[in-house]
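In case you want the letters, here they are:
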Amino acid sequence: MRRETKWFLHDDALAIEVLDSHLVPEYVRYVLQHAINIGRFEYTAKLYSERLKGLNIEIPLDESGSFDMYMQDKIAKAYGKRELVEQLLKEVAIHLQNVKVEF
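The structure displayed is predicted, hence computed values, not measured ones. (Residues numbered from 1 in each chain as written. Predicted model: local features only at pLDDT ≥ 70, side-chain atom pairs only at ≥ 80, totals over all residues. Heavy atoms only, no water.)

Enquirer: Tell me about the environment of Tyr-70, and please be specific about residues and values.
Expert: By the element assignment, Tyr-70 lies in helix α3 (residues 69-97). Separated by 48 residues in the primary sequence, Tyr-70 and His-22 have C-alpha atoms spaced 10.0 Å apart. (Helix = DSSP H or I, 4+ residues; strand = E, 2+ residues; numbered from the N terminus.)

Dropping the structure here:
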């Protein structure tokens, strides 16, 4: 899920359509990204559509055994907060690198 206003697809970015209405797209995005990171798909081992088919993700289930959309949403929101905190920490780290202390 890209948030930029202008973007295009090429072999580094695949379009993935979530077809099951009981899957929360943001949740799928985060858990797929996690699976990709675990698989260490770097530039020399890009995640082409054939490799994507081999990835597995965990989906929370409710008591009836159906996809738990509530938990998916909660987890996606937690991932979103984590992303925000990581970005803020990166910005602070960059700022601190530019700080000069003289005695």
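Right, picking up where we left off after that structure.
Enquirer: How would you explain the nonpolar core if you had to name every residue and give the values?
Expert: The tendency in soluble globular proteins is for nonpolar side chains to be buried as a group. Among the nonpolar cores identified, the biggest contains seven residues, and these are Leu-23, Val-28, Leu-32, Ala-35, Ile-36, Leu-52 and Leu-55. No other element matches helix α1 (residues 25-39), which puts four residues into this core. With near-sequence residues (within four places) excluded, Leu-23 lies in contact with Val-18, Val-28, Ile-59, Phe-67 and Gln-72. The next biggest cluster of nonpolar side chains, apart from the first, holds five residues, and it includes Val-24, Tyr-27, Val-31 and Ala-76. (Core = buried A, V, L, I, M, F, W, Y, C linked by side-chain atoms within 4.5 Å. Buried < 20%, exposed > 50% of the residue type's maximum accessible area, 1.4 Å probe, protein only. Contact = heavy atoms within 4.5 Å.)

Enquirer: Break down the side chain of Asp-68 for me, citing the residues and quoting the values.
Expert: Here Asp-68 is to be found in the loop between α2 (49-52) and α3. Buried and unpaired, Asp-68 has no salt bridge, with Lys-74 as the nearest side chain of opposite charge at 9.5 Å. Here Asp-68 is in contact with Pro-60, Leu-61 and Asp-62, once residues within four sequence places are set aside. (Lys, Arg positive; Asp, Glu negative; His and termini not counted. Salt bridge = Lys/Arg side-chain N within 4 Å of Asp/Glu carboxyl O.)

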